[in-house]
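The chain contents come next:
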Amino acid sequence: MKYQVLFCSLFAFCLLFGQSSSYAQTSVTIPIESKDYALILQTDADQRLGITHFGKRLSDAAEYAGIKALYKHNDGNAGIYNNVYTPSGSWSLVEPALQIIHADGNTSTELRYVSHRKEMLANQVSQTSVLLRDPVYATEVTLYFKVYPQNNVFEQWSEIKNAEKGNIRLGKYASANLYFMGSDYYLRHYHGTWAGEMKPEETRLPFGIHTLDSKLGARANLYQPPTFMLSFDQPATENSGKVLLANLAWSGNFKIDFEMDSYHNLRLIAGINPHASEYQLAAGQSFKTPALIYAYGENGIGEVSRNLHSWARNFRVLDGKGSRLTLLNNWEATYFDFDEKKLVGLFAGAKKLGVDLFLLDDGWFGNKYPRNGDVAGLGDWQENVKKLPHGIGYLVEEASKAGVKFGIWVEPEMVNPKSELYEKHPDWVIRQPERPEHYFRNQLVLDLSNPEVQDFVFGILDKLFTQNPDIAFIKWDCNAVIYNAHSAYLEKQKMPQTHLYVDYVNGLYSVLERLRKKYPVVPMMLCSGGGGRVDYGALKYFTEFWVSDNTDPLERIFQQWEYSYYYPAITHCAHITDWSKVGIKFRTDVAMMGKMGYDIVVDHLKPEELEFSQQAIKNYQSISDLIWHGDLYRLVSPWQNPIASSMFVSPQKDRAIVFNYVVSNRYENTFSTAPIKLQGLDPVKKYRLTELNVFPGTRSSINATTVYSGDLLMTVGFNPSLSLRRTSVLVEVKEVR
Ligand code: GLA
């Protein structure tokens, strides 16, 4: 009570008199600049830090200091809406970035500018850190802005330090709190479910708050990813408009709020979802938030997206500049029904096809409770002796004899209640001890907040690699959400249960960190019953992700299109399967737009299908460098047209590959036969165009001898001659010297 009185009087003093003498400094301007754009932070008279500009950078940096004076709020509340990390419980009544219950129980926080510094890291990357402090409480917040200047990409996170004498509790702890001054805002965001991930929705943001969020815990993106596109003033197109592409690099619960005020200014507050996640910090402890990654540009979505891809390949995705393995997966070919003999037969198929690797999927483990379906065995990572009497080692050897590498599926974060693991360690399982269990795909999630469980999960992979050093690929799955969130470990430690969602993800990252220290290069696919967990937090550790269990090629055109805004094609695992009865050419052409693989029984292919596939893999090898490392141009959107078209261009602009598809089977005259304007070529260069993946027994209608200028191909275009008989056409563009 005494403290409260003291606090209130200090607080009232600050409010009434604006500033104490230690804060009576002159205004500070902090420019955070990329190659073309700048985020400008400036203090107000009370040393509160606000955002006064986000957009093109000025040629004379000295002029930034004058920006603040050019904006006036009618209600005299300048510095309130545009705050760079809005605290709660004091002067601000808008959606906060930070909410603290202080050691003495007080719920008010204020943040004032203390200092900042800019460091240059490798590769021209800069990092600006800004220290803010509460004038009444010793709590500190440091905001970090890492800028990748060449890509116009910003990475922003915060660190909250408890410098008070007792525990504080964080009710909200956003990664970033941005502020935009525009007229209208158009948000492209996503919803979905299993096999229907990344369904876009474009919303003109209304006044008030629009929220994207997940509370699923694990497989957190099943219904909504922390990924969005924000256009300013009007919806951006591929080649025009101001647009920001963003992703919260966090593989758990998230909350992203867009709050528009009546001046048409927009506040964006993004971070871990505070839902059921109040976080306690002991004296001296800090909390580091995940980063919000955003790429910005004023020349349309295409350029921003290419910049984001380049950033991802160079700075984020594991082995982003490297190559990838083509593979044959047995999931859809066998499901759980296989044994050693059948698998060895499939190795021969992989070799015949010409892929690099065979990937053994779910079903290889569990003895007391064999994994013969998805109801049992998860958690018991010993080879099933009936199916695999000679173990994984034998399979690795046999694969090698057949001339292919060997990879394996794991789902190490999960457990079936029907398993030895569950019997031995019920306290390792996330469950409410007093309530009935609630399952997702007949399974439960292991408690990764517990270091013993982290060791167990690490141990699964470590044992596989130690016993079979030649394992060349891992598919890491995660099929369940977290129901009944409760941790026996946190209870034992006398830690708040509200730490579970956060500690789960940090526990997962610490396992992955450890794994990557010991096994830095093994390619690993991020899978979550399809695309249930795709973000730039996880992609630090993974080389690629499984777009969706839905491998219908038509569906994939749309899904891959949406993912392509944010993630480079080298990360999109795309397999040819029997999910759809569409001809193998169409299926293959679509899979080629990403990291290509198969999930079929090779011996079921007709001779001409096999011949086609063998040639297609060779073609893929010859163009994969373009797909993996080239620049992507989306030419014709399947959402607005009966066709889809996109192309990848080499950095030297001497080669490109154009993918064209019919996406509507309506009467053929209803789609245009007009040429498709190519992009990204050199107008002065001359090119020849050849059709790839021509099905045996058919002829290409493209004349491969004609030479076109880049100018013509980009101004007038090229006609791939799509029709209801030519529903998929791949065209290679090569410079003629
Ligand atoms: C998930 C994956 C599939 C497959 C199965 C195995 O659904 O997305 O690709 O691995 O699990 O159970």
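Cut-offs used in this document
Residues numbered from 1 in each chain as written. Predicted model: local features only at pLDDT ≥ 70, side-chain atom pairs only at ≥ 80, totals over all residues. Heavy atoms only, no water. Helix = DSSP H or I, 4+ residues; strand = E, 2+ residues; numbered from the N terminus. Expected span 1.5 Å × (residues − 1). Buried < 20%, exposed > 50% of the residue type's maximum accessible area, 1.4 Å probe, protein only. Polar contact = N/O pair within 3.5 Å; in protein donor to acceptor, adjacent residues only side chain to side chain. Bend = angle between axes of the 7 residues up to and from the residue. Contact = heavy atoms within 4.5 Å. Phe/Tyr/Trp six-rings, centres within 6.5 Å; stacked < 30°, edge-to-face > 60°. Pairing = 2+ DSSP bridges. Axes fitted to C-alpha atoms, helices over the stretch in contact; angles between N-to-C directions. Near = heavy atom within 4 Å. Areas by Shrake-Rupley, 256 points an atom, 1.4 Å probe, with all protein chains shown as cover. Nonpolar A, V, L, I, M, F, W, Y, C, P; charged D, E, K, R; others polar. Disulfide = S-S within 2.5 Å.

Asker: Sorry if this is basic, but what is going on with helix 10 (residues 553–566) here?
Answerer: Turn by turn, an α-helix covers 3.6 residues, leaving residues three or four places apart pointing in a common direction. The end-to-end C-alpha distance of helix 10, which contains 14 residues, comes to 20 Å, matching closely the 20 Å that a straight helix rising 1.5 Å per residue would cover. Within helix 10, twelve of the 14 residues are buried, which leaves it mostly tucked inside the rest of the structure. Every buried residue of helix 10 is listed here: Pro553, Arg556, Ile557, Phe558, Gln559, Gln560, Trp561, Glu562, Tyr563, Ser564, Tyr565 and Tyr566. The distance from a side-chain oxygen at the start of helix 10 to the backbone nitrogen of leucine 554 is 2.8 Å, and the residue carrying that oxygen is aspartate 552.

Asker: What should I look at first to understand helix 7 (residues 451–467) in this one?
Answerer: The end-to-end C-alpha separation of helix 7 is 23 Å, in line with the 24 Å expected for 17 residues at 1.5 Å each. In helix 7, a bend of some 25° at glycine 459 exceeds every other bend along the element. Among all positions in helix 7, only Val453, Gln454, Val457, Phe458, Ile460, Leu461, Asp462, Leu464 and Phe465 are buried. Residues of helix 7 that are buried sit in contact with strand 22 (405–410), strand 25 (471–476) and helix 9 (500–518). Its side-chain oxygen at 2.9 Å from the backbone nitrogen of glutamate 452, asparagine 450 defines the N-terminal cap of helix 7.

Asker: How do you make sense of the packing of aromatic side chains when you look at a structure like this?
Answerer: For any pair of aromatic rings, the description rests on two quantities: the centre-to-centre distance and the angle between the ring planes. Tallied over the entire structure, the rule returns 46 aromatic pairs. Look at tryptophan 331 and phenylalanine 336: their rings are 5.2 Å apart centre to centre, the planes differ by 90°, and that puts the pair in the edge-to-face class. Exposure remark for tryptophan 331: the relative accessible area of 16% places this residue in the buried category. Ring geometry for tryptophan 381 against tryptophan 409: centres 6.2 Å apart, planes inclined by 45°, an arrangement best described as tilted. Taken together, the residues span a long stretch of sequence, with tryptophan 381 in the loop between strand 21 (357–360) and helix 5 (391–402) and tryptophan 409 in strand 22 at a distance of 28 residues.

Asker: Quick question: what am I supposed to make of the sheet that holds strand 29 (residues 595–599) here?
Answerer: Strands pair in a sheet through their backbones, by hydrogen bonds, and they do so in one of two ways: parallel or antiparallel. Taking strand neighbours around the barrel as the criterion, the eight strands line up as 20-21-22-25-26-27-28-29 in a closed arrangement whose pairing is parallel. Mean inter-strand twist for the sheet, computed between neighbouring axes without regard to direction, equals 30°. Across three bridges, strand 20 (residues 327–329) lies against strand 21 in parallel orientation. Along strand 21, the bridge assignment pairs leucine 327 with leucine 357. Seen against the sheet, helix 7 touches strand 22 and strand 25 and runs at an angle of roughly 155° to strand 25.

Asker: Hey, could you run me through the site of the ligand in this one?
Answerer: Looking at the ligand, there are 13 residues lining it, with Asp361, Asp362, Lys475, Asp477 and Asp549 nearest. The separation between an oxygen atom of the ligand and a polar side-chain atom of aspartate 549 is 2.6 Å. Relative to its unbound accessible area of 300 Å², the ligand is 97% covered by the protein chains. Among the residues making up the shell around the ligand, the classes are represented as four nonpolar, three polar and six charged.

Asker: What is the right way to look at the pairing of strand 25 in this model?
Answerer: For a regular strand, side chains alternate in direction, first toward one face of the sheet and then toward the other. Judged by how many residues are buried, strand 25 sits mostly within the fold: six of six residues are covered. Sheet analysis places strand 22 next to strand 25, joined by five bridges and oriented parallel. The residue of strand 25 that forms the bridge with isoleucine 408 is isoleucine 474. With three bridges connecting them, strand 25 and strand 26 (residues 524–526) associate as parallel partners. The residue of strand 26 that forms the bridge with isoleucine 474 is methionine 524.

Asker: I would appreciate a short explanation of the state of the cysteines in the present structure.
Answerer: Each disulfide consists of a covalent bond between the sulfur atoms of two cysteine residues. According to the stated counting rule, one finds zero disulfides in the structure shown. The structure places no disulfide on cysteine 527, whose sulfur is separated from the nearest cysteine sulfur, that of cysteine 573, by 8.7 Å. Looking at cysteine 527, the relative accessible area reads 1%, which means it is buried. By relative accessible area, cysteine 573 is classed as buried at 0%.

Asker: Got a minute to help me understand the environment of serine 645 in this structure?
Answerer: Relative to the elements of secondary structure, serine 645 occurs in strand 31 (residues 643–649). Here the alpha-carbon distance between serine 645 and arginine 316, two residues 329 residues apart in the chain, equals 27 Å. Not counting the four nearest positions on each side in its chain, serine 645 is found in contact with Trp561, Arg634, Leu635, Val636, Val658, Phe659, Asn660 and Ile676. Polar side-chain contacts of serine 645 include one of 3.5 Å to the backbone oxygen of phenylalanine 659.

Asker: What am I meant to see in the pairing of strand 6 (residues 126–133) here?
Answerer: Where burial is concerned, most of strand 6 is hidden: seven out of the eight residues are buried. Relative to strand 6, strand 5 (residues 112–120) runs antiparallel, the two being bridged by eight bridges. What sits directly across from arginine 117, in strand 6, is serine 129. What sits between the antiparallel neighbours strand 5 and strand 6 is a turn of five residues, in which asparagine 123 has the positive phi angle 55°. Pairing geometry for strand 6 and strand 7 (residues 140–148), over eight bridges, is antiparallel. When the bridges of strand 7 are listed, threonine 128 appears paired with phenylalanine 145. Remark: six residues form the turn of the hairpin made by strand 6 and strand 7, two consecutive strands paired antiparallel.

Fair warning: the whole summary comes from geometry, so function is off the table for now.
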